[in-house]
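# Secondary and tertiary structure notes
This is what each chain is made of:
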Amino acid sequence: MTAFFGRYRDHYRANFALALPVILSHAGQMVVGLADNLMVGQLGATHLAAVALANNIFVVGMMFGIGLITAVTPLAGKAFGGGDRLTAVSWLKQAAYIHPTIALLQTALMAAVGLAMPYMGQPEEVVEVAFPYYMVLVGTLLPMNFFFIYKQYAEGLGNTRIAMLITLASNVINIVLNYILIYGKAGFPAMGIMGAGYATLISRIFMPLAFTLLFFSLKFFKPERQLWRQTRFHFREAWYMLKIGVPIGGQYIVEMLTFSLGSIMMGWMGERPLAAHQIVMSLVSFTYMVSAGFAAATTVKVSQFRGQKNLLAMKRSAHASLHMVLVFMSLSLTAFLLLRFKIPALFVPDHETVAIAGGLMLVGGLFQLFDGMQVVTLGALRGLEDVKAPMIMLVIAYFPIALPVSYVAGFVLDWGPQGIWMGYMVGLMVVGAQLLLRFRYKVNKMLA
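This write-up is about the structure you can find in this document. (Residues numbered from 1 in each chain as written. Predicted model: local features only at pLDDT ≥ 70, side-chain atom pairs only at ≥ 80, totals over all residues. Heavy atoms only, no water.)

Where helix α5 (residues 124-138) contacts helix α8 (residues 193-215), the two axes come as close as 9 Å, and the packing angle between them is 5 degrees. Between α5 and α8, the angle falls in the class roughly parallel. Residues V129, P132, Y133, V136 and L137 of α5 form the contact with α8, whose own contacting residues are I193, M194, A196, G197, Y198, T200, L201 and R204. Split by residue class, the contact of α5 with α8 holds ten nonpolar, two polar and one charged. (Axes fitted to C-alpha atoms, helices over the stretch in contact; angles between N-to-C directions. Helix = DSSP H or I, 4+ residues; strand = E, 2+ residues; numbered from the N terminus. Parallel < 35°, antiparallel > 145°, perpendicular 65-115°, else oblique. Contact = heavy atoms within 4.5 Å. Nonpolar A, V, L, I, M, F, W, Y, C, P; charged D, E, K, R; others polar.)

Right, here's the structure in full:
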């Protein structure tokens, strides 16, 4: 046993060091979301519903855009791992040309989607408040795009700390400006929900500006500044980057759509099941961010070892991340089982809602194991630039398997809210097994 873990010791340390800043960034974003809801919630239920409506529409386009840019990481990571910094900088230039253009097109498209908000069956008073707030969010797409170009490139070089520090600073700015602009403090007029929108816009403009300043001042990026003029924009390379990015964006959309449809089915069961669903989903999202951090680290290390042609280290690095995530998720499962009624009771005093949430905690605790496995393996496959097949696997596991199982278990078999979550677990089991087998197949083929 000691010899077994000895093989992975260095990989555990390296992957954890890469993953921790990403995890802290995700945690910071969750704190900002909580602060937004608490501050806007003081304005009333209509304003809180308006924020939820606007964010639910906006986040779909935002995550697709982030998925497109994520392709920068494995491409730059492979070049950097192979000692070819010039090629890495070339990938950065392709991203710097193509993605802002896409962001402008996406901004126009999402603004047009906003015009359809009155026809989405929402209360008129909610739409009236949500629309201007949503349009401000759409205006944040371009600055976010620039930030993520820097972020994904830096991660490809193995540096996740810079993005973490900027993200955390941006979170502080967002929360402070929320308080000032929503309620009218420090001499500013009270702007209500629009104050929250402007706070988000300013904090997201800060992020690329801060990264640009560091890019032109840090010694870490000196090779980029020296090699930039030696690179050119090439349509073929940019197109290849998009061919990797589009399936990654599609993966995000498939997962989000699956869980959104599950929420809709939960709403058919009534107010209390939906409330319990939201409570436990927030807890599962908290543990998911740990897996997502290790997935990002795995993408970086797999791409770099691939560039070095060190296939054994590449395989062990991915397995090391998988080991750590499964240990963490096992501990999380234990906490979910032991505290399945106590934790939900902190969110809501209603005993029936707490009882439903306790049942969901059982299923949620179990499916976290498979969720951790699938997200880390997905990160490993991204490091191999293998993205099309995984997207197809996600579609198969979620749409013709997970969602029908949710419906049958929840309504036909009358298992209630737990039945819907059983569909989630089955889907995650299927996709986790598929992705793990896919990674083993790809690595063994490369080793052969």
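Okay, back to it.
Locating T140 in the fold gives a position in the loop between α5 and α6 (141-156). Setting aside anything within four residues of it in sequence, one finds T140 in contact with F58, T200, L201 and R204.

A few words now on helix α3 (residues 72-81). Most of α3 sits out of view: eight of its ten residues are buried. Every buried residue belonging to α3 is among V72, T73, P74, L75, A76, G77, A79 and G81, and all of these are buried. The secondary structure elements touched by the buried residues of α3 are α2 (45-70), α4 (85-115), α6, α10 (235-268), α11 (271-308) and α14 (351-383). Looking one or two places after α3, you find G83, whose phi comes out positive at around 80 degrees. (Buried < 20%, exposed > 50% of the residue type's maximum accessible area, 1.4 Å probe, protein only.)

What follows concerns the pattern of salt bridges. Side chains that carry opposite charge are capable of pairing whenever their charged atoms lie near each other. Within this structure, the stated rule accounts for seven salt bridges. Note that R272 is salt-bridged to D350, the shortest N-O span being 2.8 Å. Residue R272 is located in helix α11, and its partner D350 is located in the loop between α13 (342-347) and α14; the two are separated by 78 residues in the primary sequence. On the basis of relative accessible area, R272 is assigned to the partly exposed category, the value being 38%. Ionic pairing is found between R438 and D386, a salt bridge with its closest N-O pair at 2.7 Å. On the criterion of sequence distance, the pair formed by R438 in helix α16 (residues 417-447) and D386 in the loop between α14 and α15 (388-412) is long-range, its members being 52 residues apart. Salt bridges sharing common partners tie together R272, D350 and E352. (Salt bridge = Lys/Arg side-chain N within 4 Å of Asp/Glu carboxyl O.)

A separate point is the packing of aromatic side chains. Summed over the entire model, instances satisfying the criterion amount to 20 aromatic pairs. Between the aromatic rings of F220 and F221, the centroid separation amounts to 5.0 Å while the plane-to-plane angle is 80 degrees, which identifies the pairing as edge-to-face. An aromatic cluster is present here, built from F147, F148, Y150, F211, F215, F216, F220 and F221 joined pairwise through their rings. The side chain of R85 reaches across the aromatic face of F220, ending 5.9 Å from its centre. When the ring centre of Y252 is taken as reference, the NZ or CZ atom of R382 above it lies at 5.3 Å. (Phe/Tyr/Trp six-rings, centres within 6.5 Å; stacked < 30°, edge-to-face > 60°. Lys NZ or Arg CZ within 6 Å of the ring centre and 35° of its normal.)

Interpretation note: all reported values are geometric properties and have no functional meaning in isolation.
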